[in-house]
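The primary structure of each chain is shown beneath.
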Amino acid sequence: MTAYVLPPAPLPSLPIVGMDSRFAVRRIYCVGRNYAEHAREMGASGREAPFFFLKPADALLPVEGAAPTTLPYPSLTQDLHHEVELVVAIGLGGRDIAVDEALRHIWGYAVGLDMTRRDLQAEMKKHGRPWSIGKGFDASAPVAALTPAAQAGNVAQAGIWLQVNGQERQRSQIAHMIWNVAETIAELSRAWALQPGDLIFTGTPAGVGAIQRGDTITAGIDGLAPLQLVVA
Ligand code: MN
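Residues numbered from 1 in each chain as written. Predicted model: local features only at pLDDT ≥ 70, side-chain atom pairs only at ≥ 80, totals over all residues. Heavy atoms only, no water.

Colleague: I tried to follow the coordination of the manganese ion on my own but got confused; where do I start?
Modeller: When a metal holds four donors in a tetrahedron, each ideal angle between them is 109.5 degrees; when it holds six in an octahedron, the ideal angles are 90 or 180 degrees. The manganese ion binds to the protein through Glu83 (OE), Glu85 (OE) and Asp114 (OD); the donor distances cover 2.0 to 2.2 Å. Ordering the donors of the manganese ion by residue number gives the pattern E-x1-E-x28-D. Note that Glu85 is positioned in strand 8 (residues 84–90) and Asp114 in the loop between strand 9 (106–113) and strand 10 (116–117), a separation of 29 residues in sequence. The exposure class assigned to Asp114 is buried, which follows from its relative accessible area of 1%. (Donors = N, O, S within 2.8 Å, 3.2 Å for Na, K, Ca; no water. Helix = DSSP H or I, 4+ residues; strand = E, 2+ residues; numbered from the N terminus. Buried < 20%, exposed > 50% of the residue type's maximum accessible area, 1.4 Å probe, protein only.)

Structure follows, in structure tokens:
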């Protein structure tokens, strides 16, 4: 057994609907601008090739059970944005995965938020610098309980929504993705070898906006466990 000079960090993991076992998380990949209306609100046009960024695995904030989870308002920002997204959990790894094979690699699905320090992201974009400070901060990846793929229903046709203090901010359909889940997995696996435990945030629909301390955020995707957070 390997000896470590300091105790290893705890493994990030997600609860699973209907199971006591948890899903150990390896990496968190994210897709940028994957719904046309959101791409437009961020200043893009047309069907660009998908692009990817990562969050550290320990940026995961697992949302446990029905009671709201506390989302700590992060440092350095005046403009913390919500982005509700379908999160795909990889169960079978691979590289250069074909589009028509891609869905076999999915273990399950969840609702997640790609929390974004929009002011810092905009500043980094302006100077052509990496987005990490805008996207990869602590607790920037709240994710609800994972639903195994076989129990998730027809995710490709599901609705996706987010409310702040009971008011709707985002509502769309998974079918409105520019690059669907299979195409996203295929493209991502050309750049990185996917492994069991990887999560993929598949992009957000239009309606992203700022949240404040004290706000309650609820979000859902038809057929999956909902997510509830209180910002503190
Ligand atoms: Mn996003």
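Colleague: Would you mind going over the pattern of salt bridges with me for this structure?
Modeller: Side chains that differ in charge, positive against negative, can pair when their charged atoms come close. In this structure the tally under the stated criterion is ten salt bridges. Note that Arg118 is salt-bridged to Glu83, the shortest N-O span being 2.7 Å. Taken together, the residues Arg118 in helix 2 (residues 118–126) and Glu83 in the loop between strand 7 (80–82) and strand 8 connect sequence positions 35 residues apart. Judged by relative accessible area, which is 9%, Arg118 ranks as buried. Residue classification places Glu83 among the buried residues on the basis of a relative accessible area of 4%. One network of salt bridges, with partners in common, ties together Lys55, Glu83, Asp114, Arg118 and Lys135. (Salt bridge = Lys/Arg side-chain N within 4 Å of Asp/Glu carboxyl O.)

Colleague: Can you walk me through the nonpolar core in this structure?
Modeller: Considering soluble globular proteins, one finds that nonpolar side chains tend to be buried as a cluster. With 45 residues, the main nonpolar core has Leu86, Val88, Leu113 and Ile185 as its most contacted residues. Listing elements by their share of this core, those giving two or more residues are strand 3 (28–32), strand 8, strand 9, strand 13 (159–164), helix 4 (181–191), strand 17 (216–221) and strand 18 (227–231). Among the nonpolar cores identified, the runner-up in size contains 17 residues, and Cys30, Phe53, Val87 and Val143 belong to it. (Core = buried A, V, L, I, M, F, W, Y, C linked by side-chain atoms within 4.5 Å.)

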